[in-house]
Amino acid sequence: MLTRSAFLRGGAGAAALLAAGAARADAPLGLPSGGYRETQPGRPGGTLRASVALDIGALDPHALYATNVEWIGRLLFDNLVYLDEQGRPAPWLATSWTISPDGKTYTFSLRDDVTFSDGAKFNAEAVLLNLEHMRAPATKSPLAATYIQPYASGRVVDEYTFEATLHAPYSPFLYVLAQAWLAMESPKVIKERPLSLNTNPIGSGPFILDSYMPQLGMSFTRRPDYNWSPPVTGHKGPAYLDRLEFEFVPDASVRYFSLASGEYDLTIDLPPQAGAAALANPALAVTNRVRMGCPNRAIAFNVAAPPFDDIRVRRAAALAMDRSGIAQIAGFGLYRPIANFLSETTPFYDASAAGALAYDPAHANALLDEAGWTGRDAEGYRTKAGTRLAASVAIAVGVTSIPVMVEIQSDMRRVGFDLQLEALPTGMLLQQRIAGQYQAMSGGVWHTNTPDALYINYHGSQIPTFHEGGQNTSRLNDPALNALLEQAREATDTAALTALYAQAQARLIELVPAVPLYDNQSLIGFGTRVRGVIYDTSHETPHFETIWLQESAA
């Protein structure tokens, strides 16, 4: 059984802010250590005004991979399963379940009192339709379909009993069902007008979409008859707020100053560059929570193409990067440097081998010498047989990580490596990604609530092709690693999973298909009149149904 307790370190409380919203300016860094349960009833009524950095362009969670789905999904939809405070699967729309001895058949008992906001009933037929919608080619799901790839078929046993059969045992199954991308949508809409889910989604959640204006904002109203929150949250009945109003505010400085001035009550995307000011502001509360999955990676190397087909060059590049300095540039002191392939909050995170990739330019230089890059040209770059040690990193046009990549470029220059940054339009980047025509790509991040993130990012079956999207942009296909990750997917025993994921992390550190930099963190800022803030156990984003507004002093 996966639990949080095994991987939350002793100082975890430093980062978590209390559910009531009190700021902890003394310790902005750390790991989540609570804040998942409502501690007292709130005051009904009021409108919360909030800002968010970007529009996601559509609202069907099954068809999206955008980060904003994590909190939008909890406004509009519910899931079969939730995670408890220890990270274990817990009831939500499914009240209980059994798993067959061979690990392939899951039988869910469902709540019989849930309806969607269009009046459709939640039942076994609704579950069947949702799972089929997730994997239907027309949905073009970039995430939900990947997470349920082992799902073979479903069967309606009776109105409130659903049976899911898998191709093979898949231990992450219950965990991925708890994520917002796998939420339950109205069966009526799926059958009658599925395309409208992008602009007018219907769920069974605590809020109903009132309006959606692309690039401007969206608003939601409370559903008065909602009464099926996840039991873990401790909340009963409808949400406290009458209304939520979100505006898309791409400019980081505007997003912070409009929060500080009281124009907004909360921002989902607190800019890290404003973190120090926000922490010092007595009128604001700040939360900074490390999310599960794979941390931010500097670069994903194409291990099938020179020069990164040489493991010594890959390791040298990783050792040449000053994570602490880069994390400071990216997070202004709010991000945690990390040299492992799982975030510290992820089940079965193993810190024992992470030091192997610690900043060590002397070792990096020695490895490049060993690889034969011993010459130097007029600009000081290393050479071999008259060829400069150089590589290009493909980056999407408009990404916000350019300062980080420039710092990495500087670190690499110091060991004689000419790292070139190549900004490409998204379409061209995708073409190169599928064709494998690149030396390296900016790495990005992968959030999920299971260590199976390693399978998604590094298993050989996940290499992008013209037929399968795939997230393995390192194009790594290592038989030993593949076997470990396959066994972990089928294992259920805690001891076996601990051993398998420890070996997988050690193997990745040995192979260095990418360079992990700093944890994936959720930064939220809100005014002190905002109370009842608790966090989602899968995503570390706020649960808006428990939020309420304190009356201003007269």
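Everything numeric here is computed off the predicted structure, so don't read it as measured data. (Residues numbered from 1 in each chain as written. Predicted model: local features only at pLDDT ≥ 70, side-chain atom pairs only at ≥ 80, totals over all residues. Heavy atoms only, no water.)

(A) Examining the overall build of the chain more closely. When you go through the chain residue by residue, the secondary structure sums to 15 helices and 23 strands. A globule of 554 residues ought to have a C-alpha radius of gyration of about 24 Å, and the chain, at 24 Å, matches this closely. Within the chain, buried positions represent 59% of all 554 residues. A fraction of 71% describes how many contacts in the chain between residues 6 or more apart in sequence connect residues 24 or more apart. Here the chain displays about 20,500 Å² of accessible surface, and carbon together with sulfur accounts for 54% of that area. Side chains of the chain carry 42 positive and 54 negative charges; the gap between the two charge centres is 1 Å. (Helix = DSSP H or I, 4+ residues; strand = E, 2+ residues; numbered from the N terminus. Rg over C-alpha atoms; globule rule 2.2 N^0.38 Å. Buried < 20%, exposed > 50% of the residue type's maximum accessible area, 1.4 Å probe, protein only. Contact = heavy atoms within 4.5 Å. Areas by Shrake-Rupley, 256 points an atom, 1.4 Å probe, with all protein chains shown as cover. Lys, Arg positive; Asp, Glu negative; His and termini not counted. Charge placed at Lys NZ, Arg CZ, Asp CG, Glu CD.)

(B) Spotlight on the environment of Ala136. Following the sequence through the fold, Ala136 ends up in the loop between helix H2 (124–135) and helix H3 (144–147). Accessibility expressed as a relative area gives 25% for Ala136, which makes it partly exposed. The spatial distance from the C-alpha of Ala136 to the C-alpha of Tyr359 is 45 Å, given a sequence separation of 223 residues.

(C) The arrangement of the environment of Pro464 in detail. Residue position: Pro464 is located in the loop between helix H13 (453–458) and helix H14 (479–490). By relative accessible area, which is 0% here, Pro464 ends up buried. Distance from Pro464 to Arg433, taken between C-alpha atoms, is 6.8 Å for residues 31 residues apart in sequence. Filtering out sequence-adjacent residues up to four positions away, Pro464 remains in contact with Arg433, Ile434, Gly469, Gly470, Asn472, Thr473 and Arg475.

(D) Geometry of unusual backbone geometry. The omega torsion of the bond from Pro306 to Pro307 falls at 0 degrees, within 30 degrees of zero and hence cis. Position of Pro307 among the secondary structure elements: in the loop between strand S13 (293–301) and helix H8 (311–320). Non-glycine residue Arg475 carries a positive phi angle of around 60 degrees. Looking at the element boundaries, Arg475 is found in the loop between H13 and H14. Positioned with a positive phi, Val512 is a non-glycine residue whose angle comes to about 50 degrees.

(E) Fine view of the environment of Gly525. Of note, Gly525 is situated in strand S21 (residues 521–527). In this structure the C-alpha to C-alpha distance between Gly525 and Asp265, which are 260 residues apart in sequence, comes to 8.5 Å.

(F) Here's a closer look at the pattern of salt bridges. The tally for this structure, following the rule as stated, stands at 28 salt bridges. For Asp369, the salt bridge goes to Arg382, with nearest N and O atoms at 2.7 Å. Residue Asp369 is found in helix H10 (residues 361–370), and its partner Arg382 is found in strand S15 (residues 382–384); the two are separated by 13 residues along the sequence. A residue is classified by how much of its surface remains accessible, and Asp369, at 39% relative accessible area, is partly exposed. Through salt bridges that share partners, Asp377, Glu379, Arg388 and Asp418 make up one connected network. (Salt bridge = Lys/Arg side-chain N within 4 Å of Asp/Glu carboxyl O.)

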